[in-house]
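Observations on the model geometry
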Amino acid sequence: MKKIMKAAWILALAAPLAASAVTPTVSWTAWVNAGSGTLTQNAQTIAVTYTGDTIGLDYSSNIYDVPSSFTNAEVTNTPGSNGTILMMGGNATVNHFHFSQAVIDPYIDVFSVGQGGVPVSFVFQNGSLTILSQGAGHWGGGTLFSSGLTVTGYEGNGLLKFSGSYTDISFVTPNSEYYYGATVGAGITVPVPEPETYAMLAAGLGLLGAVARRRKAAS
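Residues numbered from 1 in each chain as written. Predicted model: local features only at pLDDT ≥ 70, side-chain atom pairs only at ≥ 80, totals over all residues. Heavy atoms only, no water.

1. Quick look at a nonpolar patch on the surface
- Together, Ile55, Met88 and Tyr178 make up a nonpolar patch on the protein surface, roughly 290 Å² of accessible area in all.
- Position of tyrosine 178 relative to the elements: it lies in the loop between β14 (165-172) and β15 (180-187). (Patch = residues over 30% accessible without salt bridge, like charges linked within 9 Å, V, L, I, M, F, W, Y side chains within 5 Å. Areas by Shrake-Rupley, 256 points an atom, 1.4 Å probe, with all protein chains shown as cover. Salt bridge = Lys/Arg side-chain N within 4 Å of Asp/Glu carboxyl O. Helix = DSSP H or I, 4+ residues; strand = E, 2+ residues; numbered from the N terminus.)

Pasting the structure below:
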């Protein structure tokens, strides 16, 4: 009986942990068509529009069938079947992901960027970006490089993070290849410091000030 009770407690404790392991942390744009969709951040529905180079929309979830290439510790879920903008590039068109209100620290998943011996670049026009993860995709590959605001792939797949607040992310795809794609998302919630955090910070600063004044008086 004790063993059964112990097992029950273990299962009860493990269940929330298992649930949290698969809880989505990013709201990827749910595209209605290749020009418009919505995402959610801090319980606010935000309209997303895309303008620029496109050959349509792909709702296939198998684009992201190597999840580790498109997620990391802070992004637990792929875009799945929410839709991905497809493009061919090869022109000077400036493409835009535009948000109806500011999005904090947005993410972009890109897939099949270039191929072996044929590099393709996303040349972003604004922001501060980091490649959080990369690897093989549905068609293999997996290499992404970044130099400043330019991300280049040879059949590259990966997850990009833009730090800061954005109402628009613009980029150029100067290299032609059939085909590659991208979609944009945002953290479902953005942590906001609790009032207690500010109080502790103020207390700490006050203590540092008092110590500094005491040292100055002693000298």
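From this point on, the discussion continues.
2. Brief notes about the packing of aromatic side chains
- Under the criterion given, the structure shown has 14 aromatic pairs.
- Seen in terms of ring centroids, phenylalanine 122 and phenylalanine 124 are 6.1 Å apart; in terms of plane orientation they differ by 20 degrees. Their pairing is stacked. This pair shows no difference in class: phenylalanine 122 is buried, exactly as phenylalanine 124 is.
- On the basis of an interplanar angle of 70 degrees and a centroid distance of 5.0 Å, the ring pair of phenylalanine 124 and phenylalanine 162 is categorised as edge-to-face. On the criterion of sequence distance, the pair formed by phenylalanine 124 in strand β9 (residues 120-124) and phenylalanine 162 in strand β13 (residues 156-162) is long-range, its members being 38 residues apart. The two residues phenylalanine 124 and phenylalanine 162 agree in class, both being buried.
- An aromatic cluster is built from Trp31, Tyr50, Phe97, Phe122, Phe124, Phe162, Tyr166, Phe171 and Tyr180, whose rings are joined through pairwise contacts. (Phe/Tyr/Trp six-rings, centres within 6.5 Å; stacked < 30°, edge-to-face > 60°. Buried < 20%, exposed > 50% of the residue type's maximum accessible area, 1.4 Å probe, protein only.)

3. A word on the pattern of salt bridges
- The tally for this structure, following the rule as stated, stands at one salt bridge.
- The salt bridge partner of glutamate 74 is lysine 161, with a shortest N-O separation of 3.1 Å. Here lysine 161 lies in strand β13 and glutamate 74 lies in the loop between β5 (56-58) and β6 (84-87), a separation of 87 residues in the sequence.
- On the basis of relative accessibility, which here comes to 33%, the residue glutamate 74 falls in the partly exposed class.

4. Examining the nonpolar core
- Ranked by internal contacts, the top residues of the largest apolar core, which has 28 residues, are Phe97, Phe99, Ile108, Phe122 and Phe124.
- Of all the elements in the fold, those that place two or more residues in this core are β4 (44-51), β6, β7 (94-104), β8 (107-113), β9, β13, β14 and β15.
- Leave out the neighbours within four places in its chain, and phenylalanine 97 touches Trp31, Thr49, Tyr50, Ile85, Ile108, Thr167, Asp168, Ile169, Phe171, Ala182, Thr183 and Val184. (Core = buried A, V, L, I, M, F, W, Y, C linked by side-chain atoms within 4.5 Å. Contact = heavy atoms within 4.5 Å.)

5. A short note on the pairing of strand β12 (residues 150-154)
- Relative to β12, β9 is paired through four bridges, and the arrangement is antiparallel. Bridge pairing in β12 places valine 123 opposite threonine 150.
- Two strands pair when backbone bridges link them, and strand β11 (residues 143-147) and β12 are joined in this way by five bridges, in the antiparallel orientation. Bridging across to β12, threonine 143 finds its partner in tyrosine 154.
- Turn length for the β11-β12 hairpin, with the two strands adjacent in sequence and antiparallel, is two residues, and the turn residue glycine 148 shows positive phi of about 65 degrees. (Pairing = 2+ DSSP bridges.)

6. Re the sheet that holds β4
- The sheet built from eight strands is open, its strands ordered β2-β3-β4-β7-β14-β9-β12-β11 with antiparallel pairing. At either end of the open sheet lies a strand with only one pairing partner, and these are β2 (30-33) and β11. Within this sheet the neighbouring strands show an average axis-to-axis angle of 20 degrees, counted without direction. (Axes fitted to C-alpha atoms, helices over the stretch in contact; angles between N-to-C directions.)

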